[in-house]
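Descriptive structure summary
The primary structure of each chain is shown beneath.
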Amino acid sequence: RSIGAVRWTPLALAVVTLGGLTAAGPAGAAGPGHPSRDLVLVLDRGVVHPRVEPADPALELPRSVVHPRVEPADPALELPRSVAAGVGRRAAKAPLPGGHTPAGELDRLLAAGAIDRATHDRYAKTLVDARRSLGRLSGTRRVELGAVLSNLDRIAAAGLLTPSRLPGLILTLGRNRQWWTTGPLLGDGQRVGFPGSQLVWEYYAGQGIEIQWLGTFGRANGYFLGGRGHDAELTALLDEAVGLATQRAGGLAWEYDFRFDGGAPPWVSGLAQGTAIQALSRAAVRFTRADYFNAAHAGLGVFETPPPDGVRVATPAGAHYLIYSFAPGERVLNAFIQALVGLHDYAGLANSDDGRALFSAGEAEARLEVPGYDTGAWSLYDQATESDLGYHTLLRDFLSHLCSRLEAAATPAPPAGGPPPPGPTGGTPPTPPAPAPAPSPDVYCTAADHFTAYMHQPPGIAIAAVGRSRAGAPARLRIGLSKISEVTLTASRGGRAVYRTTERLGHGTRTLTWRPAQPGRYRLTVAATDLAGNAAASATVATVAPPVHRH
């Protein structure tokens, strides 16, 4: 689908200006010209070189710290040979249920005229080379390449090996063969790259290295925010990404081709898709590239389509956009809000009615959902689980971005200079229609302010009345906790600590268990430190009775 000519509006210019705004995190704000840096390991002819790339700090999903490292082929890191061999045999087996194989599908597509002979032969060679290499590998390397082959086999068996999917799948297979035959072992979550390419790849243990589309388009936003000195890298990245887009949901999508969290490939993410159309729209304005706007517009399809093809879940208020197309019941707020930011930016930059309609449907639902993710002391990641510190900060930042955009939309644009153009008959100029009122930003601004404040407030602890307990038997202490924290229970007797236990607990009513050895009076101290390092403590006294002696 083509959006045709681009109409420039004050809103479009405002979105370009707002595009670099980020909320201040624990380490301070990062604005235009100050993108964060992303460390990638680049494999070049068997040698790994660290490369630091710009990345949009608002679009890097937090995770546990992964220290980039190059590891030797330590036998302790290799899976048992019997396990690896089993994986290799399964990956080499064909056909799977369904009767289709990658090689057979290539032949079918060639016969149908969907691919040409040169493409067929090039892809067929990649398949043969990968299966041959698999037979020579062992341990972890065999497992990882075997997993990529297995995913490809299953996609083919399901009849999903379409012409538009082939470039990304074959590229993934070739890159995995290259890495696992010449590169080092990796730590789970390590991002990698290859010379001549701007794509971000990530290692998912047991699934090989895969294109990380969120990271790739986050890098595109980093190039955009980094200034015109990165223009060549930005266009190279987006050209490469558009060439790997898949036809899906009536448009284009950037699919993930590996098994993840119970989902089978190929699947899409509303978070990554929203970031993609945001990056493409920004670049379309900077470079006057209508093809980037067309690709972004085609990317709206997944937001118009229910799962499993798309990410739209209709609601009475409008629509919720999912983080994963395979998980319609999982509602992750940070992903939903960033998808809305991407739709908002596209709608303003492209002056797109389709984009505005999708944003409006999602925003109407989001303003109802956001308060439910505020526990009064911390944020929720999904409907039930509290955010870790990284996701809490990420959600705060995304909400702040949406707040800023809606505040700007609610500010009237300054009047244009000069008289208004005459009407169609040369008479009195017509009165332009009043613009639709912008949604109130208050719910998003308030939530962002709350989540910032929670990062500086100690956890609340309430200790319930302590009942009698007996020496030698488990004793329980019920507490109320305001937010997820590391909680330590210390039992002291005669001024000396005689028992201590620590565990991470979520908010709500929780039970701590301890075992007093002797009868008497104990001072019980409950100390809690939240994920941001704020600490609090509360104490009570427990009386322990002598043990019951049975004769």
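Each remark here, short or long, concerns the structure printed above.
Residues numbered from 1 in each chain as written. Predicted model: local features only at pLDDT ≥ 70, side-chain atom pairs only at ≥ 80, totals over all residues. Heavy atoms only, no water.

Focus: the packing of helix α7 (residues 213-225) against helix α8 (residues 231-243)
- For the pair α7 and α8, the least separation of the axes is 9 Å and the interaxial angle reads 150°. Regarding the angle of α7 to α8, the classification is roughly antiparallel. The crossing of α7 and α8 is left-handed. Contact with α7, carried on its side by Trp213, Thr216, Phe217, Arg219, Ala220, Tyr223 and Phe224, involves Glu233, Leu234, Leu237, Leu238 and Ala241 of α8 and no other residues of that element.
- Looking at the contact of α7 with α8 residue by residue, the class counts come to nine nonpolar, one polar and two charged. (Axes fitted to C-alpha atoms, helices over the stretch in contact; angles between N-to-C directions. Helix = DSSP H or I, 4+ residues; strand = E, 2+ residues; numbered from the N terminus. Parallel < 35°, antiparallel > 145°, perpendicular 65-115°, else oblique. Left-handed = near helix turned anticlockwise from the far one by under 90°. Contact = heavy atoms within 4.5 Å. Nonpolar A, V, L, I, M, F, W, Y, C, P; charged D, E, K, R; others polar.)

Observations regarding the side chain of histidine 392
- Looking at where histidine 392 falls in the secondary structure, it is placed in helix α14 (residues 389-410).
- On the basis of relative accessible area, histidine 392 is assigned to the buried category, the value being 0%. (Buried < 20%, exposed > 50% of the residue type's maximum accessible area, 1.4 Å probe, protein only.)

Observations regarding the state of the cysteines
- If you walk through the whole model with that rule in mind, you get one disulfide.
- Each sulfur in the disulfide pair cysteine 403 and cysteine 445 lies 1.9 Å from the other. Torsion about the S-S bond of the cysteine 403 and cysteine 445 cystine: about 95°, corresponding to right-handed handedness. Here cysteine 445 lies in helix α15 (residues 442-454) and cysteine 403 lies in helix α14, a separation of 42 residues in the sequence. Pair check on accessibility: cysteine 403 and cysteine 445 agree, each one buried. (Disulfide = S-S within 2.5 Å.)

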